[in-house]
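# Fold and geometry: a report
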Amino acid sequence: MSNKLISNISKFIIISAIIVGIVFAFTMVSNAGNVKGISERNKEEINYLDSKLLTLINYLNNIDMQNYQVVLTKVESESSATSSSAKKEEQSKQQEDTSENGTDKEEKTLSKMEKETIVLEEEKIDWKTIEGELEVLASTWANIVLDLYKIDVKAEDILGFSNDLDEAIINIKKKEKALSAMYLAKLYSYLPKFVDKDGIEEIEKESLQAKTHIINAYAYAETKNWDKIKTEIQKAETIFTSLVNDTENIDNQKKYNINKAYILIEELKNSLERKDLGIFYLKYKNVLEELNILT
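All of these numbers come straight from a predicted model, not from anything done at the bench. (Residues numbered from 1 in each chain as written. Predicted model: local features only at pLDDT ≥ 70, side-chain atom pairs only at ≥ 80, totals over all residues. Heavy atoms only, no water.)

## Re the overall build of the protein
Of the regular secondary structure elements, the protein holds 10 helices and two strands. For the protein, the succession of helices and strands along the chain, N to C, is α-β-α-β-α-α-α-α-α-α-α-α. Per-residue burial over the protein gives 35% buried out of 295 residues. Carbon and sulfur atoms provide 51% of the accessible area of the protein, an area that totals close to 17900 Å². (Helix = DSSP H or I, 4+ residues; strand = E, 2+ residues; numbered from the N terminus. Buried < 20%, exposed > 50% of the residue type's maximum accessible area, 1.4 Å probe, protein only. Areas by Shrake-Rupley, 256 points an atom, 1.4 Å probe, with all protein chains shown as cover.)

## With respect to the environment of Glu-176
Mapped onto the fold, Glu-176 is located in the loop between helix H4 (155–173) and helix H5 (177–189). Distance in space between the C-alpha atoms of Glu-176 and Trp-127 is 9.8 Å, their sequence separation being 49 residues. Once you skip the residues sitting within four places of it in the chain, Glu-176 turns out to touch Trp-127 and Asn-171. (Contact = heavy atoms within 4.5 Å.)

## Examining the confidence of the model for the protein
Mean pLDDT over the protein: 79, with 67% of residues reaching 70 or higher. With pLDDT under 50 throughout, residues 96–117 is counted as low confidence; its partners more than four residues away or in other chains account for 46 contacts. (pLDDT = per-residue confidence, 0-100.)

## Quick notes on the nonpolar core
Core analysis: the biggest nonpolar cluster contains 67 residues, and Trp-141, Phe-161, Leu-184, Phe-194, Phe-240, Phe-280 and Tyr-284 have the highest contact counts within it. With nine residues, the top contributor of residues to this core is helix H7 (residues 202–221). Excluding residues that lie within four positions of it along the chain, Phe-161 makes contacts with Leu-49, Leu-137, Trp-141, Leu-187, Tyr-190 and Phe-194. (Core = buried A, V, L, I, M, F, W, Y, C linked by side-chain atoms within 4.5 Å.)

## A few points about the environment of Asp-196
Relative to the helices and strands, Asp-196 is located in the loop between helix H6 (191–194) and H7. Residue classification places Asp-196 among the buried positions, given a relative accessible area of 11%. Along the backbone, Asp-196 and Ile-151 are 45 residues apart, and their C-alpha atoms lie at a distance of 6.4 Å. Sequence-distant contacts of Asp-196, defined by excluding residues within four places in its chain, comprise Ser-39, Asn-42 and Ile-151.

## Regarding helix H3 (residues 127–150)
An α-helical turn contains 3.6 residues, so any two residues separated by three or four positions project in the same direction. The end-to-end C-alpha distance of H3 is 35 Å, a good match for the 34 Å that 24 residues give at a rise of 1.5 Å each. Along H3, the sharpest kink reaches roughly 35 degrees, centred on Ala-142. Within H3, burial applies to Trp-127, Ile-130, Glu-131, Leu-134, Leu-137, Trp-141, Ile-144, Val-145, Asp-147 and Leu-148. Looking one or two residues past H3, Asp-152 carries a phi angle of roughly 65 degrees, positive in sign. (Expected span 1.5 Å × (residues − 1). Bend = angle between axes of the 7 residues up to and from the residue.)

## Quick look at the side chain of Glu-204
Take Glu-204: it is sitting in helix H7. Judged by its relative accessible area of 13%, Glu-204 is buried. What Glu-204 contacts, discounting residues up to four positions off in sequence, is Lys-43, Leu-294 and Thr-295.

## Section: the packing of H4 against H5
At a minimum axis distance of 9 Å, the contact between H4 and H5 shows a crossing angle of 160 degrees. As summarised for this structure, H4 and H5 are arranged roughly antiparallel, according to the angle between their axes. The element H4 and its partner H5 pack so that their crossing is left-handed. Residues Phe-161, Asp-164, Leu-165, Glu-167, Ala-168, Asn-171 and Ile-172 of H4 touch H5, and the partners they reach there are Leu-179, Ser-180, Tyr-183, Leu-184, Lys-186 and Leu-187. Here the residues of the contact of H4 with H5 are counted per class, giving eight nonpolar, two polar and three charged. (Axes fitted to C-alpha atoms, helices over the stretch in contact; angles between N-to-C directions. Parallel < 35°, antiparallel > 145°, perpendicular 65-115°, else oblique. Left-handed = near helix turned anticlockwise from the far one by under 90°. Nonpolar A, V, L, I, M, F, W, Y, C, P; charged D, E, K, R; others polar.)

## Quick look at the pattern of salt bridges
A full pass over the atoms with the stated rule returns 15 salt bridges. Here Lys-205 and Glu-202 are joined by a salt bridge, their closest N and O atoms 3.2 Å apart. Within this pair, Lys-205 and its partner Glu-202 are both found in helix H7, separated by three residues, close to a single helical turn. Its relative accessible area of 26% is what places Lys-205 among the partly exposed residues. Note that Glu-290 and Lys-260 form a salt bridge whose closest N and O atoms lie 3.4 Å from each other. With a gap of 30 residues between them, Glu-290 in helix H10 (residues 277–294) and Lys-260 in helix H9 (residues 252–271) connect regions that are remote in the sequence. Owing to a relative accessible area of 5%, Glu-290 belongs among the buried residues under this scheme. On the basis of relative accessibility, which here comes to 33%, the residue Lys-260 falls in the partly exposed class. (Salt bridge = Lys/Arg side-chain N within 4 Å of Asp/Glu carboxyl O.)

## Brief notes about H9
Under the 1.5 Å per step criterion, the end-to-end length of H9 is 29 Å for 20 residues, consistent within 8% with the ideal 28 Å. Residues of H9 that are buried: Asn-257, Ile-258, Ala-261, Leu-264, Ile-265, Glu-266, Leu-268 and Ser-271. Of the surrounding secondary structure, the elements contacted by the buried residues of H9 are H7, helix H8 (226–244) and H10. The N-cap residue of H9 is Asp-251: its side-chain oxygen and the backbone nitrogen of Gln-253 are 3.1 Å apart. (Polar contact = N/O pair within 3.5 Å; in protein donor to acceptor, adjacent residues only side chain to side chain.)

## Here's the deal with the packing of aromatic side chains
This model, assessed by the stated rule, comprises 10 aromatic pairs. Measuring from ring centre to ring centre gives 5.7 Å for Phe-161 and Tyr-190, while their planes differ by 75 degrees; the resulting arrangement is edge-to-face. On the criterion of sequence distance, the pair formed by Phe-161 in helix H4 and Tyr-190 in the loop between H5 and H6 is long-range, its members being 29 residues apart. Note on accessibility: Phe-161 and Tyr-190 belong to one class, buried. On the numbers, 4.6 Å between centres and 20 degrees between planes, the contact of Tyr-218 with Tyr-284 is stacked. On the criterion of sequence distance, the pair formed by Tyr-218 in helix H7 and Tyr-284 in helix H10 is long-range, its members being 66 residues apart. Judged by relative accessible area, which is 0%, Tyr-218 ranks as buried. (Phe/Tyr/Trp six-rings, centres within 6.5 Å; stacked < 30°, edge-to-face > 60°.)

Quick look at the structure:
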């Protein structure tokens, strides 16, 4: 075999190896980018389901995560108190005198927090709006299903969500408040199963699981089943006890949020002794607001 032939064969082998290497590298990068895209999309979809389901279940009792509004009011400081009729006469007189002599009144603006209604009476629930929003979620769910299969979510969990979504719609149409709360809570309990485990931090995953237990407790509140409410809150407490004891490699802000969430869960659990729904809903709202920061 001539040296020239050997040289040509060697060149061919080298070029072939380079081409194979380039194709392999391109495939790996492409696949990595594809996985990253699916992971990011999965997180957006979970956030959507999280937000939508929380809004719907909380709307059954008109619980808003921002149910305090700032109201600005103007007050006047006067040297002495007067009756309303006297004030009117003084205001009229002072309007005439102000242009010439000014006024000794000092106008101040005060801000105060006015609390909106927390719990709606059953007959005031806007069932039509809830039904419409749930039907929007149902149409979106059809697209989310495909992505869940791509990250190997169990088919039985996807089918279970679909079936429970149908039950939620049926009970909302019937205006069955307790059953609607139960099925919406069941729908939320699927979210930790739908999360791409490679695309979420452990703290987020655990916080999401804790939220499912808090929402289950909220659903049981509709039937005042205080024993089951307590059991669900204790499950959330167990999760956060573990998180609080394992904050060595966590930044200070997350440490603060974890500790605060744990304290608020404890307060929620302690409030059960009163067996008062109004207090329970207030504490529930506080816990959810903090858990929303962590998920």
